[in-house]
Amino acid sequence: MNLADIKTVKELLTPLGFSFKKSLGQNFLIDPDVCPAMAESAADGETGILEIGPGVGVLTVECAKVAKKVVAIELDNRLKPVLAKTLADYPNAEVVFGDAMELDLTALIKEKFSDCKKVAICANLPYYITSPIIMKLLTSKLPIESITVMVQKEAGERLCAEVGSRDAGAVTVAVAYYAKAQLLFEVGRDSFMPPPNVDSAVIRLDVLENPPSKVKNEEFFFSLIKACFAQRRKTLCNTVSNTLGIGKEKIANALTELGLSETVRSEALTFEQLAALSDKLM
Ligand code: SAM
């Protein structure tokens, strides 16, 4: 069964009276080259793959071909009979019905992948939860090696931007704390059914054992990062002072001690400089 074929997908879904739910980010991949490339990037024969949102299983089957095991979390119960059919020939693939944002992923990985040497995430993410799900995957400190996911192109560019460049934002720095990010390839909107209004990109996050720079207080570091990029047109000093209520003089002094101008903008700071600033301000 070719699940990247529009006709096949229609034959599976039409008898169920299935209608695509925009609110669940239901844009199914119909490009035959994309899923094999994602699966190859994410897994080898020793990997357990956790997928979020299998849809009709187009990526699930490609992962099942290269990985030791695949467990896919799907929120939409209407896809139960479809997935039972499309995954019938893949005994190493299993679906858990539930909300990926709510489930205890640490417990799920422990339960399902004890026989796998390594675990990775591979998914065509529902775009309405791209950043929250990526941050959940990273901050839960799951025992995973990498995250290979399809995201909206602009989100991919932001997530993979270099910290210290114009394209960086709070999420760039937050991701860089946990992982090394790279944009693998772009995917046009016509590769989906129904086509979304935006183009997409596949990114890979390789999870780091330690952050690029240690910080004294993680919680403060993340609130500082949020504040730094909250008012992008303002200088770092102004936006941090306005957002966190820290005196401008204290911030200006910390910047001077780091050899930075008092009028510097947040996007000009490297990861190491942001970490050092956090330690000075906390
Ligand atoms: N993997 C399929 C593909 O590539 O064609 C479908 C991808 S589609 C972009 C996103 C999928 O995520 C849909 O099947 C949707 O029902 C599911 N989904 C949406 N929100 C979810 C959530 N919170 N937890 C788990 N799955 C979710």
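For the structure, see preceding data.
If you're wondering where the values come from, they're calculated on a predicted model, not measured in any experiment. (Residues numbered from 1 in each chain as written. Predicted model: local features only at pLDDT ≥ 70, side-chain atom pairs only at ≥ 80, totals over all residues. Heavy atoms only, no water.)

Peer 1: Break down the overall build of the protein for me, citing the residues and quoting the values.
Peer 2: Summing up its helical and strand segments, the protein has twelve helices and nine strands in all. The C-alpha atoms of the protein give 21 Å as radius of gyration, which agrees with the globular expectation for 282 residues (19 Å, within 12%). C-alpha atoms of the protein, sized along the principal axes, occupy 65 × 40 × 30 Å. For the protein, with 282 residues in total, the buried portion stands at 50%. Considering only residue pairs separated by 6 or more positions, the protein has 67% of its internal contacts joining residues 24 or more positions apart. By element, 49% of the accessible surface of the protein is carried by carbon and sulfur atoms, the whole surface being about 13100 Å². Charge centroids of the protein, computed over 32 positive and 36 negative side chains, lie 4 Å from each other. (Helix = DSSP H or I, 4+ residues; strand = E, 2+ residues; numbered from the N terminus. Rg over C-alpha atoms; globule rule 2.2 N^0.38 Å. Buried < 20%, exposed > 50% of the residue type's maximum accessible area, 1.4 Å probe, protein only. Contact = heavy atoms within 4.5 Å. Areas by Shrake-Rupley, 256 points an atom, 1.4 Å probe, with all protein chains shown as cover. Lys, Arg positive; Asp, Glu negative; His and termini not counted. Charge placed at Lys NZ, Arg CZ, Asp CG, Glu CD.)

Peer 1: Mind laying out the sheet that holds strand E5 (residues 118-124), listing which residues take part and the relevant values?
Peer 2: With mixed pairing, the seven strands of this open sheet are ordered in space as E4-E3-E2-E5-E6-E9-E7. The sheet is open, and its two borders are formed by strand E4 (93-97) and strand E7 (179-187), each paired with just one other strand. The sheet shows a mean angle of 20° between the axes of neighbouring strands, taken without regard to direction. In terms of strand pairing, E5 meets strand E6 (residues 146-152) through five bridges, oriented parallel. (Pairing = 2+ DSSP bridges. Axes fitted to C-alpha atoms, helices over the stretch in contact; angles between N-to-C directions.)

Peer 1: Can you break down the packing of helix H8 (residues 170-178) against helix H9 (residues 218-228) residue by residue, with the values?
Peer 2: Contact pair H8 / H9: the axes reach a minimum separation of 8 Å and the direction vectors enclose 150°. On the basis of their axis angle, the class for H8 and H9 is roughly antiparallel. Viewed along their axes, H8 and H9 form a crossing whose handedness is right-handed. Touching Ala170, Val173, Ala174, Tyr177 and Tyr178 of H8 are Glu218, Phe221, Phe222, Ile225 and Lys226, all from H9. (Parallel < 35°, antiparallel > 145°, perpendicular 65-115°, else oblique. Left-handed = near helix turned anticlockwise from the far one by under 90°.)

Peer 1: Give a detailed account of the side chain of Gln26, specifying residues and quantitative values.
Peer 2: If you trace the backbone, Gln26 turns up in the loop between helix H1 (6-13) and strand E1 (28-29). For Gln26, a relative accessible area of 5% puts it in the buried group. One polar contact links Gln26 to Asp76, side chain to side chain, over a distance of 2.8 Å. In this structure the side chain of Gln26 is engaged in a polar contact, spanning 3.4 Å, whose partner is the side chain of Arg78. Contact partners of Gln26, with chain neighbours within four places excluded, come to Phe18, Ser19, Phe20, Lys21, Asp76, Arg78, Leu79, Met193 and Pro194. (Polar contact = N/O pair within 3.5 Å; in protein donor to acceptor, adjacent residues only side chain to side chain.)

Peer 1: Give a description of the pattern of salt bridges that names residues and reports values.
Peer 2: On inspection of all chains with the given rule, the structure shows twelve salt bridges. Between Asp44 and Lys118 there is a salt bridge, with the nearest N and O atoms lying 2.7 Å from each other. Separated by 74 residues along the polypeptide, Asp44 in the loop between helix H2 (34-42) and strand E2 (47-52) and Lys118 in strand E5 bring together distant segments of the chain. Overall, Asp44 belongs to the partly exposed group, its relative accessible area being 31%. The exposure class assigned to Lys118 is partly exposed, which follows from its relative accessible area of 22%. One network of salt bridges, in which partners are shared, links Glu94, Glu111 and Lys112. (Salt bridge = Lys/Arg side-chain N within 4 Å of Asp/Glu carboxyl O.)

Peer 1: Provide a residue-level description of the site of the ligand, including the pertinent values.
Peer 2: Taken together, 23 residues are adjacent to the ligand, and Leu29, Gly53, Glu74, Asn124 and Tyr128 come closest. In the environment of the ligand, a nitrogen atom lies 3.3 Å from a nitrogen or oxygen atom belonging to the backbone of Pro54. Measuring from an oxygen atom of the ligand, one finds a side-chain N or O atom of Asn124 at 2.8 Å. Burial of the ligand by the surrounding chains reaches 99%, relative to a free accessible area of 600 Å². Contributions of two or more residues to the shell around the ligand are made by E1 and strand E3 (69-74). Partitioning the shell around the ligand into residue classes produces twelve nonpolar, seven polar and four charged. (Near = heavy atom within 4 Å. Nonpolar A, V, L, I, M, F, W, Y, C, P; charged D, E, K, R; others polar.)

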